[in-house]
Every structure is written in C-alpha cells, then in structure tokens.
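Structural overview for review
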Amino acid sequence: MPHTEEDIRAMLDKIGVESIDDLYADVPGEVIFREEYDIPSAMSEIELRKHFEELGNKNRPLTVFAGRGVYDHYSPSVVNHLLARSEFYTAYTPYQPEISQGTLTYIFEYQSIISELTGMEATNASMYDGATATAEAMFMMVASSKKRNRVLVSDTLLENVVKVVETYAKFHGIEVTVVPAKDGVSDFEAIKTELEKGDVAGVIVPEPNKYGIIEDFTGWADAIHAAKAYFAIYADPSALAVLRTPAEWGADVACGDGQTLGMPMSFGGPYLGFISCAKGMLRKMPGRVVGATTDADGKRAFVLTLQAREQHIRREKATSNICSNQSLMALYATIYVALMGKEGMVELNRLSCDGAHYLYNRLVESGKFTPAFPGKPFLKEFVMKTELNIEEINARLLEAGFMGGINLGDGLIEFAVTEKRTKEEIDSFINLLLA
C-alpha cells in the first residue's frame, strides 16, 4: 500500500524482472487465486462493534466437565488488568535490560514460582506450550547423554504431546520408543527392560497422566540413573501445589503446560510451556534465564543470564531453535499464582478433588458406570466405563449447555472437575447423564 508505481518499477528494475507476477513464476498456476477478494466494505465504529457483538453471540458458553490437558480453572478478574500495565506489557523478549527492568522482574518471579512448584533448581523464561517444552526436554536429555539418541516415552502421556515429541525427534535423528501402559499407568518393568539395552538417553513420564491417575514413581530415578539415563516428568503445575514435586521424585527435568495456572481455555491457546531442571543441565536448557544482580548504584536489578545460546552461536552448536518465550503468558502465570498464594493453590486443588470424587462416587452408585482403573488415585480427572451410548449422552449434555466427558472409545469416557464446578452443576450434570 505505501509503494507508488515509481517505487515498484524501481524495485523490479533493480532485481531484473518485468512484473510482480514474474516473482511467482515458480508457483503452479492452479494454486494462484485470481478472483476478487470477498472483503466487506468499511464500517463505522458503532457498526463494527455491533458486527463483532453479533459474531460473539454465536459462541455458546458451556459448563465444562472435560479435561485431557486443558482445564476450566478460575482466574481472578484483576489478572487481565495487571497484564496491561505498561511496565510489564511486551510482545517480545527484553534484549535491553537497562530499559526492560519491569519485564525482567516478572520473568525472574515467574522462574522462581515454577522452580518452587517443581522443586527444581532452575527454570527458563518459558516456551510456546507444553508439547514443545517436552520436545525440548527430550533434546536436553539427548544433549546431556553420551552418544545416546533414544528416548522412552510412557504411553500414559497425552497423545498430542507424544506426537509433537515424535515429530521433533524425527528431524533430529532421535529415536522415540513409546512404552505401553499397564492398568492405566506407566509400566516400570517394561521401562527397565528398555533401559537394559544401554542406548537410552532419557525417560519421559506424566504427573498426573492422561487418564487423570497420579502415578507412583518410587525407585524410578534410581533405576534410570543407574542406566546412565535422564529422567523427565511432564507435570500439571497447578497440581504440583499438592502432589509430590518432580524434584522429590528425583527427576532431572520437569516440563509441562502452564494453562492450568488460571489461563482461559481459549479454543486451544495461547498457552505456556515451562521447563525446569537440575543445575547440572542448565546450559542445555533452551530459551532465556533471567538472573538477579545489582546495578552501578548497588540497587537490585535483573539481567539476561547465560546468554551464550541460540541467537549468539553457530546453529549446529545450538541446543534449540527456540529463542522467543511466551512472555505475556508467563506474566499471566506469575500474577495468577501471586494472587492465589500457597493457600489458594492448595484450596483450588482440594475443591477440584472433592468435586471429582463426588461425581465419581455418584456415577458408580448409579450402576451405569464402572471405574476404568479401579483403585488408582486421581485428583480432578478420571475415566469410567459404560454400556451407554456416549455420543448420545454428550449430545444431550450439549443441548443442555454442558460440555460432557471425552469419548475415548470402547465404552470409555473421561471426566474432569475443577474448583469452578458447584454441587448444583454436578448434580444437574449427573441427572442428565443418567436420564
């Protein structure tokens, strides 16, 4: 739009082509759109507001009882107001620390919060999402091991995460072995059998897993480290307020998605990936690390620490191709956890757990649902088996304004309950389920 005919002609002459169309000579003609664009005419502000209001009204708010990696957690309204403060709000990484102290401050606080939740010694300044963070955790373990390029992944990890890990691995010459689950949890004996082959760089398992089960990793770290491999746990950071931390399990790396830290589901994003690790793996960690220091006047200040990474070095030496971070979402997580506090984080898990177990018990009592994995502990999510038609159930629930459980096939349905669900909502949900 800003270029005049003379500007365009001068540029075309400079590069030696006759027309702009010549620039696309290599593009097959059948894929080039040659019709008029269906772009609406201009609207006044009041017309535009009304137009988008009408579009927005097409969305149908639902009461959510689904999970599988994305959860309907409550977020205090003040979060969005604080997000937009000028000293924090930014679209990108702070390259100039002398004028980016606000951004560096909250990233430092974010790292501190995630480190406390995971129990690990260091945390990076965020990744795109949980799936790519897990792929980066895989790279860290391979880079830290000695000439090993095979990684074991438990089949109890979320399917979308496994697929992303496999995609990243394919183009880096890494072999991914998905170890089948046993009774809804990671099969430790199968993992140990694979470790005995002597070519495993690392093992990745979830906490909780894709079925909502809280797995027991007692003895895992010892067995994995004895095989000279690394141990990574994909964790729900919200649940870590009450569950044993990856550090307590002896993990070398913790990764996951920060969506559970109050972030709206938003039809799939934007979310937030995190990676924490033991100090010994710090230089293999991608992204940014912000450190605290003092300025020339002796006042507390913040800087980018350990900067000799992706954008500063030869690409074949880089640990990752990710240089950006989800800075705005890291700010979201920081404000959310700071507002909730330790007691608030524990309370939301207690409410979620109470609600999930109430729904679970009512469904079992009905005689129409049976536990898919009886006796396995869960926090806010669980899987049931039923002879009922799950598609018909979910259609009925949707008509009544509920997002039902996730149909896993073979008569299995997965439900999730967060602190937002009231007893009245759960009772209404049950009545519709059993109708």
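Below you will find a few notes about this structure. All values reported here derive from a predicted model rather than from experimental measurement. (Residues numbered from 1 in each chain as written. Predicted model: local features only at pLDDT ≥ 70, side-chain atom pairs only at ≥ 80, totals over all residues. Heavy atoms only, no water.)

**Description of the overall build of the protein chain**
Along the protein chain, the regular secondary structure elements total 11 helices and 17 strands. Principal-axis analysis of the C-alpha atoms places the extent of the protein chain at approximately 80 × 60 × 55 Å. Within the protein chain, the proportion of its 435 residues that are buried is 47%. Only carbon and sulfur atoms are counted for the fraction: they give 53% of the accessible area of the protein chain, which is about 22700 Å². Between the centroid of the 42 positive side chains of the protein chain and the centroid of its 61 negative side chains there is a distance of 6 Å. (Helix = DSSP H or I, 4+ residues; strand = E, 2+ residues; numbered from the N terminus. Buried < 20%, exposed > 50% of the residue type's maximum accessible area, 1.4 Å probe, protein only. Areas by Shrake-Rupley, 256 points an atom, 1.4 Å probe, with all protein chains shown as cover. Lys, Arg positive; Asp, Glu negative; His and termini not counted. Charge placed at Lys NZ, Arg CZ, Asp CG, Glu CD.)

**What about the pattern of salt bridges?**
For the structure on display, the rule yields 18 salt bridges. The closest approach of N and O atoms between Glu347 and Arg350, which form a salt bridge, is 2.7 Å. Of this pair, Glu347 and Arg350 both sit in helix 9 (residues 327-366), 3 residues apart, which is roughly one turn of that helix. Through salt bridges with shared partners, a single ionic network connects Arg68, Glu159, Lys210 and Glu414. (Salt bridge = Lys/Arg side-chain N within 4 Å of Asp/Glu carboxyl O.)

**Quick look at the nonpolar core**
If you look at the biggest cluster of nonpolar residues, it comprises 49 residues, and the most contacted ones within it are Leu195, Val203, Trp220, Phe231 and Ile233. Top element by residues in this core is helix 9. It accounts for 11 residues. Non-local contacts of Ile233, meaning those with residues more than four positions away in its chain, are made with Val205, Glu207, Phe217, Pro246, Trp249, Ala251, Val253, Ala254 and Cys255. Formed by 31 residues, the second largest nonpolar core is a distinct cluster that contains Phe139, Met141, Ile275 and Leu282. (Core = buried A, V, L, I, M, F, W, Y, C linked by side-chain atoms within 4.5 Å. Contact = heavy atoms within 4.5 Å.)

**Regarding the side chain of Ser238**
Locating Ser238 in the fold gives a position in the loop between strand 8 (230-235) and strand 9 (253-257). By relative accessible area, which is 0% here, Ser238 ends up buried. Look past the residues within four positions of Ser238 in its chain and what remains in contact with it is His73, Thr260, Leu261, Met345, Leu348 and Asn349.

**Some remarks on the environment of Thr293**
Here Thr293 shows up in strand 11 (residues 289-294). When the C-alpha positions of Thr293 and Ser428 are compared, they lie 55 Å apart, and in sequence the two are 135 residues distant. Sequence-distant contacts of Thr293, that is, excluding residues within four places in its chain, are made with Lys299, Arg300, Ala301 and Val303.

**Concerning the packing of aromatic side chains**
For the structure shown, the criterion picks out 18 aromatic pairs. Each ring, one from Phe65 and one from Phe402, has its centre 6.0 Å from the other, and the planes form 50°; the classification is tilted. Taken together, the residues Phe65 in the loop between strand 1 (63-64) and helix 3 (78-83) and Phe402 in strand 15 (residues 402-403) connect sequence positions 337 residues apart. Phe65 sits in the buried class, given a relative accessible area of 0%. (Phe/Tyr/Trp six-rings, centres within 6.5 Å; stacked < 30°, edge-to-face > 60°.)

**Re the state of the cysteines**
Considering all chains together, one arrives at 0 disulfides under this definition. The thiol of Cys255 is unpaired, and the distance to the nearest cysteine sulfur, on Cys277, comes to 11 Å. Given the relative accessible area of 0%, Cys255 is considered buried. (Disulfide = S-S within 2.5 Å.)

**A look at the sheet that holds strand 3 (residues 150-154)**
The sheet built from 7 strands is open, its strands ordered 2-10-9-8-7-3-4 with mixed pairing. Pairing within the sheet leaves two strands with one partner each, and these edge strands are strand 2 (122-123) and strand 4 (175-179). The sheet contacts of helix 4 (residues 101-118) involve strand 2, strand 9 and strand 10 (273-277), and relative to strand 10 the element is tilted by about 65°. Helix 5 (residues 130-144) rests against strand 3, strand 4, strand 7 (200-207), strand 8, strand 9 and strand 10 of the sheet, and its axis sits at about 165° to strand 9. (Pairing = 2+ DSSP bridges. Axes fitted to C-alpha atoms, helices over the stretch in contact; angles between N-to-C directions.)

**Here we look at the sheet that holds strand 16 (residues 406-409)**
Overall, antiparallel pairing links the 4 strands, which are arranged 13-14-17-16 in an open sheet. The two strands at the open ends of the sheet, each matched to only one other strand, are strand 13 (369-371) and strand 16. With strand direction ignored, the average angle separating the axes of adjacent strands in the sheet is 35°. Relative to the sheet, helix 9 contacts strand 13, strand 14 (381-386) and strand 17 (412-416), its axis offset from that of strand 14 by approximately 10°.

**Remarks on a nonpolar patch on the surface**
A surface patch of nonpolar side chains, about 560 Å² in accessible area, is lined by Ile15, Ile20, Leu23, Tyr24, Val27 and Val31. Examined against the element boundaries, Val27 turns out to sit in the loop between helix 1 (5-15) and helix 2 (45-56). (Patch = residues over 30% accessible without salt bridge, like charges linked within 9 Å, V, L, I, M, F, W, Y side chains within 5 Å.)

**Describing the layout of surface pockets**
Of the voids in this model, the largest pocket is the one considered here, and its volume is about 570 Å³. Together, 24 residues line the largest pocket, and Val64, Met265, Ser266, Phe267 and Met403 are the ones closest to its centre. (1 Å grid on protein atoms, 1.4 Å probe; cavity = no way out; pocket = protein on both sides within 12 Å on 5 of 7 lines; lining within 4 Å. Points joined across faces, edges and corners; volume = space filled by probe spheres on them.)

**Thoughts on helix 11 (residues 423-433)**
Looking at helix 11, one finds that the buried residues are Ile426, Asp427, Phe429, Ile430 and Leu433. The arc enclosing the buried residues of helix 11, seen along the axis, measures out at 160°, which places them on a common side. In this structure, helix 11 carries Glu424 and Asn431 as exposed residues pointing more than 90 degrees from its buried face. (Arc of directions from axis to C-beta.)

**Some details on empty space enclosed by the protein**
Rolled over the atoms, a probe sized like a water molecule indicates the empty space that remains. Applying the stated criterion to the full structure yields 2 cavities of 30 Å³ or more. Of the voids in this model, the largest cavity is the one considered here, and its volume is about 230 Å³. Along its surface, the largest cavity is lined by 19 residues, and Gly69, Tyr71, Leu158, Pro208 and Asp236 are the ones closest to its centre. Tallied by class, the residues present in the lining of the largest cavity amount to 8 nonpolar, 5 polar and 6 charged. Surrounding the second largest cavity, Tyr211, Ile213, Tyr360, Pro371, Ala372, Phe373, Lys376, Phe378, Glu381, Phe382 and Val383 form its lining. (Nonpolar A, V, L, I, M, F, W, Y, C, P; charged D, E, K, R; others polar.)

Read these as layout, nothing more, since geometry by itself doesn't imply function.
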